[in-house]
Amino acid sequence: MGYSINQTSSTDETNGVINLTNGLHWYPFSPGQCPPLYYVILQGACAPLIIIISTVLNSLIAVVLLQKHLRSPTNILLLAIALYDTLTGLFPFPTYIFLYTFRHCDDYIPFNYGWFHRINHDVLPFIFHTCSIWVTVVLAIQRYIYVCHSEKAKQWCTVPMALKAIACVNVLALIVAIPMFIEGTFHAKAVSSLLDSKKIFNTCTVRDYSEDSRYRTYFSIYSLIRALLINVGPCTILVICNAILVERMKEAKENREKLMRRRSHESRGQEQTNVTFMLIIVVTIFLIVEIPMAIYIILMAIFRLFNKNAPNFFNFAVQLLNFAVLLSYPINFFIYCRMSRAFRDAFTKLLCASFLNTRQERLQSMAAPLLGKQCGVTTNNIELKISNVETLPASSVILNSTANEIPMSSLISENNNDLKINSNGSVEKLRVSFIDDVN
């Protein structure tokens, strides 16, 4: 939307509030008329809380998936979805607080807030939500290639291809959002404050071209095309891909014993099945909240095309649908933790790193006198550095920082010889008497 300073538009003033004419409207709502109670509950109380929770959980997803050993085409797309979902909630967050939490609706809205509200509440959330939708489609198509055309996965399912797909999605979202900037023009009008008549400032009004009879048809067609590109089309593709993946998973479950004889192959196949099932759940939740939104957008475009007013309950319905979309953002984190062992292990290691380091230092301090008194190892020319000892499972021990694994059975010798070091630093024999072995 563009804007202009308009001091001469004809107005009628009744009950202290100016009644606009000449096609102008108050933006974002009429002064002195606070939003309904359900606005305050959904967008003033619940939405900010969910946005904060979603931001924290999606940040954890980003930190985990950015680890080097978890970088893969699938995880790159999951990371992009988490980022877009976070931005979709963060940009309208200030408007929720200003309008619905603190209810700054008892006076005219300042002119400068009009652009801020339009960009942060309408345009940017639309762009990032569009990106999230189409990256989800790319993720489903990628998984379809993995499952149904595995011979082409090395060509199409790569990290560079995933990054190119994300770049194309960003361009598409920006192109689709261009008409949102020309739907109308902002106009500043000098008014006296409803709370203090001596205070005069510019308030925000808008001329909405989408409601003008000359342009209504064009904007109705644009709304239909936007619904097809952003809602109906992606949902249709996701339903088809989801159905195919579910069918292939059933076939894989029936033929697993026949196709995978070795245990290693079976384990790898089971892991891939879990990843596919996890993505099916993510896509299904996405469809549950997006299909009703697609239906609403199509109905609104049809009402506008035929110049008919939508039913009153549509206002409540759209707020409920927006809240459902927002509510779906933090769910992915729990799905990843439940369905992906790699994500769960990486998150646990990241979360408990400080606890594990403290515990390891305590165990090392306890092990120092134990090695000196009960192991009976002569270290004339060797300086044992406890800081280089790393805790391992019972199956192996890592000596020093070189991470050379020596089986436990090779460390227990029947001879009573002391530790011997060759010229190249390798261990020949070692006598270790554990505390449980001493009678």
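Residues numbered from 1 in each chain as written. Predicted model: local features only at pLDDT ≥ 70, side-chain atom pairs only at ≥ 80, totals over all residues. Heavy atoms only, no water.

The chain has the name G-protein coupled receptors family 1 profile domain-containing protein in an unreviewed UniProt entry, where Adineta steineri is given as its organism. Note on the chain: under the UniProt heading Subcellular location (unreviewed entry), the record states "Membrane". (UniProt positions renumbered as here; feature names shortened; annotations may be inferred.)

Undergrad: Please clarify how the overall build of the chain should be interpreted in this entry.
TA: Each helix and strand counted, the chain has 13 helices and eight strands in total. Here the analysis covers contacts within the chain between residues at least 6 apart in sequence; of these, 74% occur between residues at least 24 apart. Accessible surface, the chain as shown: approximately 25,600 Å² in total, 60% of it carbon and sulfur. (Helix = DSSP H or I, 4+ residues; strand = E, 2+ residues; numbered from the N terminus. Contact = heavy atoms within 4.5 Å. Areas by Shrake-Rupley, 256 points an atom, 1.4 Å probe, with all protein chains shown as cover.)

Undergrad: Any chance you could explain the packing of helix H3 (residues 93-101) against helix H4 (residues 111-148) here in plain terms?
TA: When two helices pack together, you describe them by how their axes are tilted relative to each other and by the distance separating the axes. Where H3 contacts H4, the axes come no closer than 9 Å and their chain directions differ by 125°. Between H3 and H4, the angle is such that the two are oblique. Where H3 crosses over H4, the handedness of that crossing is left-handed. Contact with H3, carried on its side by Pro94, Thr95, Tyr96, Phe98, Leu99 and Tyr100, involves Tyr113, Phe116, His117, Asn120 and His121 of H4 and no other residues of that element. (Axes fitted to C-alpha atoms, helices over the stretch in contact; angles between N-to-C directions. Parallel < 35°, antiparallel > 145°, perpendicular 65-115°, else oblique. Left-handed = near helix turned anticlockwise from the far one by under 90°.)

Undergrad: Can you help me understand H3 in this one?
TA: Since there are 3.6 residues in each turn of an α-helix, residues three or four apart along the chain are aligned in direction. Within H3, the full set of buried residues consists of Thr95, Tyr96, Leu99 and Tyr100. Along the long axis of H3, the arc covered by the buried residues comes to 100°, so they all point the same way. At its buried positions, H3 is contacted by helix H1 (37-65) and H4. Positive phi appears at arginine 103, one or two residues downstream of H3, with a value of about 55°. (Buried < 20%, exposed > 50% of the residue type's maximum accessible area, 1.4 Å probe, protein only. Arc of directions from axis to C-beta.)

Undergrad: Would you take a moment to explain the pairing of strand S5 (residues 184-192) for this structure?
TA: On a regular strand, each side chain points to the face opposite its neighbour's, so the side chains alternate between the two faces of the sheet. Where burial is concerned, most of S5 is hidden: seven out of the nine residues are buried. Relative to strand S6 (residues 200-208), S5 runs antiparallel, the two sharing nine bridges. Each bridged residue has a counterpart across the sheet, and for valine 191 the counterpart in S6 is phenylalanine 201. (Pairing = 2+ DSSP bridges.)

Undergrad: Looking at this structure, how should I read a nonpolar patch on the surface?
TA: Residues Ile221, Ile225, Leu229, Val239, Ile291, Ile295, Leu299, Ile302, Leu305 and Phe306 make up a contiguous nonpolar surface patch of about 810 Å² in total accessible area. When contributions to the nonpolar patch are tallied by element, the ones reaching two or more residues are helix H7 (216-259) and helix H8 (263-305). Here the nonpolar patch takes five residues from H8, the largest share from any one element. Considering the arrangement of structural elements, one finds isoleucine 221 in helix H7. On the basis of relative accessibility, which here comes to 40%, the residue isoleucine 221 falls in the partly exposed class. (Patch = residues over 30% accessible without salt bridge, like charges linked within 9 Å, V, L, I, M, F, W, Y side chains within 5 Å. Salt bridge = Lys/Arg side-chain N within 4 Å of Asp/Glu carboxyl O.)

Undergrad: Can you help me understand the UniProt feature "transmembrane region" (unreviewed entry) in the chain in this one?
TA: Cross-referencing UniProt, the feature "transmembrane region" (unreviewed entry) maps to residues 37-65, 77-103, 123-141, 162-182, 219-246, 277-304 and 316-337 in the present numbering. For the annotated span residues 219-246, helix accounts for 100% and strand for 0% of the residues, and the straight-line distance between the end C-alpha atoms is 39 Å.

Undergrad: Can you walk me through the packing of aromatic side chains in this structure?
TA: Think of a pair of aromatic rings as described by two things: how far the centres are apart, and how the planes are tilted against each other in angle. If you walk through the whole model with that rule in mind, you get 19 aromatic pairs. Centre to centre, the rings of tyrosine 39 and tyrosine 100 are 5.8 Å apart; their planes meet at 35°, and the pair counts as tilted. Separated by 61 residues along the polypeptide, tyrosine 39 in helix H1 and tyrosine 100 in helix H3 bring together distant segments of the chain. What makes tyrosine 39 buried here is its relative accessible area of 17%. The exposure class of tyrosine 100 is buried, given its relative accessible area of 6%. Pairing tyrosine 96 with tyrosine 100 gives two aromatic rings, centres 6.3 Å apart and planes at 45°, and the pair type is tilted. With a gap of four residues between them, tyrosine 96 and tyrosine 100 both fall in helix H3, about one helical turn apart. Judged by relative accessible area, which is 12%, tyrosine 96 ranks as buried. What links up through ring pairs into an aromatic cluster is the set Tyr38, Tyr39, Tyr96, Tyr100 and Phe316. (Phe/Tyr/Trp six-rings, centres within 6.5 Å; stacked < 30°, edge-to-face > 60°.)

Undergrad: Explain helix H6 (residues 159-177) here, please?
TA: The end-to-end C-alpha distance of H6, which contains 19 residues, comes to 27 Å, matching closely the 27 Å that a straight helix rising 1.5 Å per residue would cover. Among the residues of H6, those classed as buried are Ala162, Ile166, Val169, Ala173, Val176 and Ala177. Along the long axis of H6, the arc covered by the buried residues comes to 90°, so they all point the same way. More than 90 degrees from the buried face of H6, the exposed residues found are Lys164, Cys168 and Ile175. (Expected span 1.5 Å × (residues − 1).)

Undergrad: Is there a simple way to explain the packing of H1 against helix H9 (residues 313-327) in this structure?
TA: Relative orientation of the contacting elements H1 and H9 amounts to 10°, with a least axis distance of 10 Å. With respect to their mutual orientation, H1 and H9 come out roughly parallel. The segment H1 lies against H9, with Tyr38, Tyr39, Leu42, Gln43, Cys46, Ala47, Ile50 and Ile51 engaging Asn315, Phe316, Gln319, Leu320, Phe323, Leu326 and Leu327. Taken together, the residues of the contact of H1 with H9 sort by class into twelve nonpolar, three polar and no charged. (Nonpolar A, V, L, I, M, F, W, Y, C, P; charged D, E, K, R; others polar.)

Undergrad: Before we go on, may I ask you to explain the state of the cysteines in this structure?
TA: Linking two cysteines covalently via their sulfur atoms produces the bond known as a disulfide. If you walk through the whole model with that rule in mind, you get zero disulfides. For the unlinked cysteine cysteine 241, the closest cysteine sulfur is that of cysteine 148, found at 8.8 Å. Residue class for cysteine 241 comes out buried when judged on its relative accessible area of 9%. (Disulfide = S-S within 2.5 Å.)

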